[in-house]
Amino acid sequence: MAEDLVLDTAIRDWVLIPLSVVMVLIGVLRYFVSKLMRSSQVPDSKIVREGQVIVRARNLRAAANYIPAKSFRARKVYFNNEENGLLHVPKGQAQNAQAQMFSDPNMAMDMMKKNLSMIIPQTLTFAWVNFFFSGFVAAKIPFPLTQRFRSMLQNGIDLSTVDVSYVSSRSWYFLNLFGLRGLFSLILGEENATDDTQRMMQMSGFGVDPTKSLGAEKDSLDIVQHEWALPKFEQRAEAVLRKLVS
Amino acid sequence: MVTKTEETELNRLEIQVDNGGGGAWEYLCLVRKLKVRRSDKVLKHGLSILNDPKKRSNLGPEEWTLYEQVAVAAMDCQCLDVAKDCIKVLQKRFPESKRVGRLEGMLLESKGSWAEAEKAYSSLLEENPFDQVVLKRRVAMAKAQGNMSGAIEWLNKYLETFMADHDAWRELAEIYVSLQMYKQAAYCYEELILSQPTLPLYHLAYAEVLYTLGGLENLQTAKKYYASTIDLTGGKNTRALFGICLCTSAIGQLTKGRNKEEKESPELHSLAATALEKIYKQRAPTKLPLLNSALKGLKI
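Everything numeric in this text was worked out from a predicted model, so none of it was measured. (Residues numbered from 1 in each chain as written. Chains lettered and ligands numbered in written order. Predicted model: local features only at pLDDT ≥ 70, side-chain atom pairs only at ≥ 80, totals over all residues. Heavy atoms only, no water.)

Visitor: Explanation requested: the overall build of chain B in the structure shown.
Guide: Scanning chain B for helices and strands turns up 17 helices and zero strands. Every one of the 300 residues in chain B was classed for burial, and the buried ones make up 45%. Carbon and sulfur atoms make up 52% of the accessible area of chain B, which totals about 15,800 Å². (Helix = DSSP H or I, 4+ residues; strand = E, 2+ residues; numbered from the N terminus. Buried < 20%, exposed > 50% of the residue type's maximum accessible area, 1.4 Å probe, protein only. Areas by Shrake-Rupley, 256 points an atom, 1.4 Å probe, with all protein chains shown as cover.)

Visitor: What is the right way to look at helix H15 (residues 238-254) of chain B in this model?
Guide: In an α-helix, one turn spans 3.6 residues, which is why side chains three or four residues apart end up on the same side. The terminal C-alpha atoms of H15 of chain B lie 24 Å apart, and with 17 residues this matches the ideal 24 Å at 1.5 Å per residue to within 8%. Those residues of H15 of chain B not exposed but buried are Ala-240, Leu-241, Gly-243, Ile-244, Cys-245, Cys-247, Thr-248, Ser-249, Ala-250, Ile-251 and Gly-252 of chain B. In this fold, the buried residues of H15 of chain B make contact with helix H11 (230-245) of chain A together with helix H13 (200-213), helix H14 (216-233), helix H16 (268-283) and helix H17 (288-298) of chain B. In this structure Asn-237 of chain B caps H15 of chain B, since a side-chain oxygen of it lies 3.0 Å from the backbone nitrogen of Arg-239 of chain B. (Expected span 1.5 Å × (residues − 1). Contact = heavy atoms within 4.5 Å. Polar contact = N/O pair within 3.5 Å; in protein donor to acceptor, adjacent residues only side chain to side chain.)

Visitor: Can you help me understand empty space enclosed by the protein in this one?
Guide: Over the atoms rolls a probe the size of a water molecule, and its path tells where empty space is left. Counted according to the given criterion, the structure contains four cavities of 30 Å³ or more. Arg-56 and Asn-59 of chain A together with Met-163, Ala-164, His-166, Trp-169, Glu-191, Leu-194 and Ser-195 of chain B are the residues that line the second largest cavity. Of all the elements in the fold, those that place two or more residues in the lining of the second largest cavity are helix H2 (45-62) of chain A together with helix H11 (166-178) and helix H12 (182-195) of chain B. Ranked by residues supplied to the lining of the second largest cavity, first place goes to H12 of chain B with three residues. Here the lining of the second largest cavity is composed, by residue class, of four nonpolar, three polar and two charged. (1 Å grid on protein atoms, 1.4 Å probe; cavity = no way out; pocket = protein on both sides within 12 Å on 5 of 7 lines; lining within 4 Å. Points joined across faces, edges and corners; volume = space filled by probe spheres on them. Nonpolar A, V, L, I, M, F, W, Y, C, P; charged D, E, K, R; others polar.)

Visitor: What is the right way to look at the nonpolar core in this model?
Guide: Generally speaking, a soluble globular protein has its nonpolar side chains buried in company with each other. By size, the foremost hydrophobic cluster in this structure holds 111 residues, and its most contacted members are Phe-79 and Leu-241 of chain A together with Leu-66, Leu-172, Tyr-225 and Leu-241 of chain B. When residues no more than four places from it in sequence are discounted, the contact partners of Tyr-225 of chain B are Tyr-66, Ile-67, Pro-68, Trp-228 and Leu-230 of chain A together with Ile-193, His-203, Tyr-206, Ala-207 and Leu-210 of chain B. Membership of the second largest hydrophobic core comes to 19 residues, among which are Met-23, Val-24, Val-28 and Tyr-31 of chain A. (Core = buried A, V, L, I, M, F, W, Y, C linked by side-chain atoms within 4.5 Å.)

Visitor: What's the story with the UniProt feature "transmembrane region" (unreviewed entry) in chain A in this structure? I'm lost.
Guide: All names here are of chain A. Mapped onto the present numbering, the UniProt feature "transmembrane region" (unreviewed entry) falls on residues 14-33 and 119-143. For residues 14-33, helix accounts for 100% and strand for 0%, while the C-alpha atoms at its two ends are 27 Å apart. As a span, residues 119-143 carries 60% helix and 16% strand, and end to end its C-alpha atoms are 34 Å apart. (UniProt positions renumbered as here; feature names shortened; annotations may be inferred.)

Visitor: Before we go on, may I ask you to explain the packing of aromatic side chains in this structure?
Guide: Geometrically, a pair of aromatic rings is defined through the distance of the ring centres and the angle of the planes. Enumeration over the complete set of coordinates arrives at 18 aromatic pairs over all chains. Between Phe-126 of chain A and Phe-174 of chain A, the aromatic rings sit 5.7 Å apart at their centres with planes inclined by 45°, giving tilted as the arrangement. Taken together, the positions of Phe-126 of chain A in helix H5 (residues 105-133) and Phe-174 of chain A in helix H7 (residues 169-179) put the pair 48 residues apart, joining distant regions of the chain. The class for Phe-126 of chain A is partly exposed, based on a relative accessible area of 26%. Judged by its relative accessible area of 28%, Phe-174 of chain A falls in the partly exposed class. Between the aromatic rings of Trp-64 of chain B and Tyr-67 of chain B, the centroid separation amounts to 5.8 Å while the plane-to-plane angle is 25°, which identifies the pairing as stacked. Of this pair, Trp-64 of chain B and Tyr-67 of chain B are both found in helix H5 (residues 62-76), three residues apart, which corresponds to roughly one turn of the helix. When its relative accessible area of 7% is taken as the criterion, Tyr-67 of chain B is described as buried. Taken together, the aromatic side chains of Trp-128, Phe-131, Phe-132 and Phe-133 of chain A make up a single cluster linked through ring pairs. (Phe/Tyr/Trp six-rings, centres within 6.5 Å; stacked < 30°, edge-to-face > 60°.)

As structure tokens, this is what we get:
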């Protein structure tokens, strides 16, 4: 495109600004709704304990060389023995855990609340944007960009001849969706910002079997070779003192 | 842990606030962040903010945090009336809050009405059995009543679930040491070394426990941990230097007459002794003869 497209100022007044304002308002509204629906959840004792066991086993693995061999062996047996070791998961239980999680009505309820506060407004706004503003070129960024940005900035316009620095309205919606976090943390306070990207990560993390990480930790603890680091320290201490004395 | 820069910052602010230079709120925030215990100062400066309606309303929602902080500090200073007032305000604002419930329990505790406090805590635990603060308060309560075995019991119960909490391990280790249960204390210190292997204090404490336990093997291990303490502190820890000397002399006594094949570091103790002499010469020259006679008494 040799000459510039001239954008109507009405587009700015009726598309660009309203879209941003609506996104902000929806973010704020969603924050209050989710605050209303939030239930203080009592953590499950088993999950808390498992997390702590894993942290402790990891510490043991990382710093094994700093304790005497006898102590290390005692701990290894404590964690790994086949009867009642902390990391040992009985075979039958491994499958149950997940089923249990789904059958727990509280969990399902919580999931639904999360979904309600996240997915529904998102779909609605997306549908709204799509319905009213599809195919708009809503803004122009003041610097040129390479072709790779086309899919990011011109979502919804299938014209390969439009310069990439023009932003379509649907892309503007996406930019707002992911870019307003800073603004929310200003309005709602530091920790209260509704962070979509983080929440999506959490969602995808759901369903991971906690017993699996126990098993993995057990295996890696099994193969740790214990080599006591302390005898080396005597020489090192000697060197340190020699330097100090001289 | 409070680092050196944070501490100097804190002290600077404290002096500034004490001399009326302002910055009280920043000071209180820093105290809260670093979790240091300067209750008298917190009580004084916190109250001066709370008693000034203009300053107080400037804080916005942080006002309630300040009330909590001042309440805890007041209990620590035994100003129970102040604490009571603060808690009353908080309760008015947040009825049903567990966090305020905790404060009420603590108030009962500081009055010394243990049974009532216990009742308050157990009702809090009924709602949330994994409230770490309440569980820890229980331990503190047992300890305050001088019921050490009770404290150990509660702590063990706590650690069964929260076994990665190294502060609790440390508390347990100290209780065991105070009861002269050194084997158990050694286990706790091992756990602490595992969680923070580069902290020399734990190495030192572990070495001391091992030395106290005695026996050739323990003494040799203790010596190694004293050595690691020296390495980690750059030879500045006199306690570890003394420990090396003591360990060497004790080992020498035990292996006297026996054919000794160990002798891994024959020089370490003489080096430690010279280092001690040097440090004493620099810092406390008057005590030098004392040190010399003590070291002579240990001569191997």
